[in-house]
Amino acid sequence: MYSSALKLRDTAAYILALLLLSGFASAAEINVGANVGNVPWEFQDAEGDYVGFEIDLVKEVAAKLDASVEIVNIPFSGLFSAVQSGRIDIAISSITVTDRRLESVAFVQPYYDSAQSLTVDSQSDIASLDGMRDKVVAVDTGSTGDIWTTANTSRYDFAEIRRFEGIVPAMLDVQSGRVDGYISDIPGLEYFIRDKPYFTVVQRIETGERYSMILARGNPLADQVNDVISELKRSGFVAQLHRKWFGSEPLPDSSTVSVIDRPLSTSVGGTDAGFVQTFLNWEVLLNSYPLLLSGLSVTLMLGAISIAFGLILGLFVALVRMYGMRSASIAAKVYIDIFRSIPILVLLIVVYYAPPFAGIELSAFTAAAVALSLVSGAYTAEIFRAGIEAVPSGQFEACRALGLSYRHTMTDVILPQGIRVVIPPLTNNCINVIKDTALASVVAMPDLLKQANQAQALEANPTPLIVAAVMYIALLWPLVIMVSRLEKRFRQEFSQ
Amino acid sequence: MTAIVSIKNLHKHFGSFEALAGIDLNIKKGEVVCIVGPSGSGKSTLIRCINQLEAFDDSSKVKISGVDVRQDETARAEVGMVFQSFNLFPHITIRQNIVLAPMRVQQLSEQKANAIADELMRRVGIESQADKFPRQLSGGQQQRVAIARALAMGPQVMLFDEPTSALDPEMVGEVLDVMRDLAVSGVTMMVVTHEMGFARQVADRVIFMDAGKIVEAGAPDKIFDNPEHQRTRDFVNAVLQY
């Protein structure tokens with residue numbers, strides 16, 4: 001059994017690990033997490049098989065250890081918590097060794113010397129980093145490209161950094177012109193654009209970074225893997241992988257051929273990370289707090305705008321549906337049905353990626369607000385309709401019999417009753433809209449979830465995600481309680 | 001004596017179904033008229049046409065104190081209506097239910113409207129319920145509130161659409177007592193009802209309707225004891241048997 005999670009002394013993590021491991025078929029199986037799509041390191045070939053430099057390497061390592069390999073597809077920013085929690089034994093994805101990451105996870109000896117690169121649209125006149133002044137830069141959330149770009153923003157006067165979950169969505173936005181350049185690991189980029197002449201790598205950015213695999217701290221498997229990698233370097237296997245995937249010989253003194261020591265954490269303390277140290281790390285919390293707060297404000301802003309537009313749209317659609325001409329009423333119903341059946345994530349991607357091809361530029365925020373408002377409007381329309389229809393026709397008749405005007409009928413009798421009926425489901429809808437804002441992180445929106453993801457990748461620790469979860473709960477729990485109270489109160493009032 | 005309500009050649013269709021097939025009727029000031037007849041005979045439709053809750057055919061005419069209800073919307077405010085299902089406003093108190101229309105429609109001050117409400121609540125015996133909500137009252141109490149609410153507008157005629165049909169049997173009496181008091185005090189009333197005892201006691205005139213037409217009308221004794229038409233006889237025999 002290779003999982004380090006078994007060694008965790010903390011009871012909670014131990015039980016968690018047992019639950020996870022209970023599903024394993026064989027003791028000699030290594031679970032490997034990889035950000036699949038990260039060419040040429042780990043990706044799927046035409047047959048759907050996982051291939052790549054690091055896939056070949058980790059399979060060879062496992063073979064030498066008489067173990068089989070199970071590949072799990074996990075986004076880059078989620079790899080660190082996945083090894084820490086014991087969900088996977090090893091993570092690969094051209095992960096750069098950094099001091100901060102060494103505080104949270106264990107690395108084996110690196111096997112590739114890398115650098116960053118700036119990629120732009122071939123049509124653009126940007127020739128180097130200096131051309132990126134006041135331009136928008138794309139990076140991968142929490143990657144070394146992200147870290148380098150963030151640290152050098154003032155030096156190069158970047159206008160904005162947008163964070164993506166991988167090379168494909170980022171390059172789509174370079175192509176559509178939403179972002180001006182993409183800063184990312186050079187080997188992946190050169191491989192990705194080898195058959196795409198409309199992209200150009202215009203600058204190599206020397207960072208002295210080296211790639212390696214990560215494991216949980218204290219996992220004895222790390223030393224075994226490290227030894228096997230030494231052996232594979234000596235035998236020339238790693239160099240052969242370089243030739244296979246890059247078509248060239250590795251440099252003679254590079255980490256691809258030289259056996260080197262395992263990088264170890266310089267910080268004091270035990271090698272074994274406890275549950276609290278991992279999931280509720282106070283230092284990580286303090287470091288990531290500003291980032292999380294900025295994410296929270298974007299989430300609130302996006303939620304508030306989508307709720308407001310959804311309400312207006314919903315009321316309008318409900319009135320058209322109930323009192324409009326037949327054709328308009330049918331159109332309203334079609335709108336309601338379509339937007340209640342489409343998954344928000346799908347709509348979000350369509351709204352974000354489709355308009356640029358028609359020459360319409362929507363910012364990530366606008367695209368997310370449009371998608372969320374459209375869906376919220378459909379739900380809100382049905383809520384308003386139900387609310388107005390819930391007021392018995394006898395109430396309208398009593399008003400007419402008393403001679404009340406239409407305005408007074410609505411303001412004094414119908415709306416006060418209708419609003420009581422719709423407030424609980426409307427509040428529920430608000431809760432859903434705010435939760436759905438988290439989906440906007442797929443279109444590079446710096447919302448709470450996105451920032452938490454970035455923070456957990458930067459810190460190589462899942463605490464920011466836990467804090468984000470607490471923030472979501474703190475935000476939504478009062479609303480949930482309010483819904484139950486209102487529902488109870490109105491139910492009592494209407495039981496005549 | 002001039003007619004408070006004057007109905008001429010009243011026809012009403014629901015699609016191809018003729019609910020009212022030519023009604024002619026005049027109600028005098030202070031008169032109490034009970035309308036009886038089998039279900040679906042058009043009784044309720046008739047009084048709902050009087051205050052325009054139902055539209056009716058163009059050739060027909062309904063006048064309140066000489067004013068055509070279709071030409072002058074304000075004529076409707078001269079007609080008070082009490083519904084089978086009360087239709088009180090559930091979100092406001094008893095007092096607010098009663099003062100709402102006088103304040104909004106007649107622009108009375110809150111003070112004046114409250115004075116009227118106090119007087120009417122005493123009259124129907126619910127003065128102690130003023131600040132409660134409708135759901136806190138029994139059905140009989142709610143229907144008395146509904147009567148007070150309609151009276152608060154000072155209507156020239158009060159319409160009652162089966163006012164005791166939705167009540168538990170033990171509450172029917174308290175509502176009929178209030179209606180009898182109104183009748184005695186000279187309020188002009190049209191009452192659609194199945195309470196034959198009430199009709200016999202209180203009505204000046206009983207109208208028997210069937211299939212959208214007035215079959216027979218006259219003093220209660222004549223209709224109940226000595227009806228002219230076979231259909232009236234059948235109906236009276238059927239309802240008085242038990």
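Residues numbered from 1 in each chain as written. Chains lettered and ligands numbered in written order. Predicted model: local features only at pLDDT ≥ 70, side-chain atom pairs only at ≥ 80, totals over all residues. Heavy atoms only, no water.

K.L.:
Let's hear about the side chain of A:Ser255: which residues, and what values?
P.N.:
Residues and elements named next belong to chain A. Inspection of the secondary structure puts serine 255 in the loop between α10 (237-246) and α11 (275-279). Within the local environment of serine 255, its side chain forms a polar contact with the side chain of aspartate 113, the two groups lying 2.7 Å apart. Other than its neighbours up to four places away in sequence, serine 255 contacts Pro110, Tyr111, Tyr112, Asp113, Arg210, Lys233 and Ile260. (Helix = DSSP H or I, 4+ residues; strand = E, 2+ residues; numbered from the N terminus. Polar contact = N/O pair within 3.5 Å; in protein donor to acceptor, adjacent residues only side chain to side chain. Contact = heavy atoms within 4.5 Å.)

K.L.:
If you had to explain the pairing of strand β5 (residues 90-96) of chain A to someone new, which residues and values would you point to?
P.N.:
Remark: a regular strand shows side chains that alternate across the two faces of the sheet. Residue and element names in this part refer to chain A. β5 sits mainly inside the fold: 7 of its 7 residues count as buried. Burial along β5 is two-sided: Ile90, Ile92, Ser94 and Thr96 and Ala91, Ser93 and Ile95, pointing in opposite directions, are all buried. Relative to β5, strand β1 (residues 29-34) runs parallel, the two being bridged by 3 bridges. Paired with valine 32 across the two strands is isoleucine 90, which belongs to β5. In the sheet, β5 pairs with strand β11 (residues 199-216) via 3 bridges, with the strands oriented antiparallel. Residue pairing for β11: threonine 96 is matched across the bridge by tyrosine 211. (Buried < 20%, exposed > 50% of the residue type's maximum accessible area, 1.4 Å probe, protein only. Pairing = 2+ DSSP bridges.)

K.L.:
An account of the interface of chain A and chain B is requested, with residue identities and associated values reported.
P.N.:
Contacts between chain A and chain B engage 21 residues on the former and 21 residues on the latter. Taken together, both faces of the contact between chain A and chain B bury some 2,000 Å²; the carbon and sulfur share is 57%. Salt-bridge contacts for B:Arg48 lead to A:Glu397; the nearest nitrogen and oxygen are separated by 2.5 Å. The interface formed by chain A and chain B contains 6 residue pairs in polar contact (both at pLDDT 80 or more). Top element by residues in the side of chain A that touches chain B is helix α16 (residues 393-402) of chain A. It accounts for 8 residues. (Buried area = accessible area lost by both parts, 1.4 Å probe. Salt bridge = Lys/Arg side-chain N within 4 Å of Asp/Glu carboxyl O.)

K.L.:
Any chance you could break down the environment of B:Asp118 for me, citing the residues and the numbers?
P.N.:
All names here are of chain B. If you trace the backbone, aspartate 118 turns up in helix α3 (residues 110-123). Aspartate 118 sits in the partly exposed class, given a relative accessible area of 30%. Considering only alpha carbons, one finds aspartate 118 and valine 99, 19 residues apart in sequence, at a separation of 9.8 Å. Here the side chain of aspartate 118 touches arginine 95 through a polar contact of 3.0 Å, side chain to side chain.

K.L.:
So what about empty space enclosed by the protein? Which residues, and what values?
P.N.:
Tallying each qualifying case throughout the model produces 5 cavities of 30 Å³ or more. Estimates place the volume of the second largest cavity at around 60 Å³. What lines the second largest cavity is simply A:Ala398, A:Ala401, A:Leu402, B:Val79, B:Gly80, B:Met81, B:Phe83, B:Phe86, B:Ala146, B:Arg149 and B:Ala150. Counting only elements with at least two residues in the lining of the second largest cavity, the list comes to α16 of chain A together with β6 (79-82) and α4 (139-151) of chain B. For the lining of the second largest cavity, the class distribution of residues is 9 nonpolar, 1 polar and 1 charged. (1 Å grid on protein atoms, 1.4 Å probe; cavity = no way out; pocket = protein on both sides within 12 Å on 5 of 7 lines; lining within 4 Å. Points joined across faces, edges and corners; volume = space filled by probe spheres on them. Nonpolar A, V, L, I, M, F, W, Y, C, P; charged D, E, K, R; others polar.)

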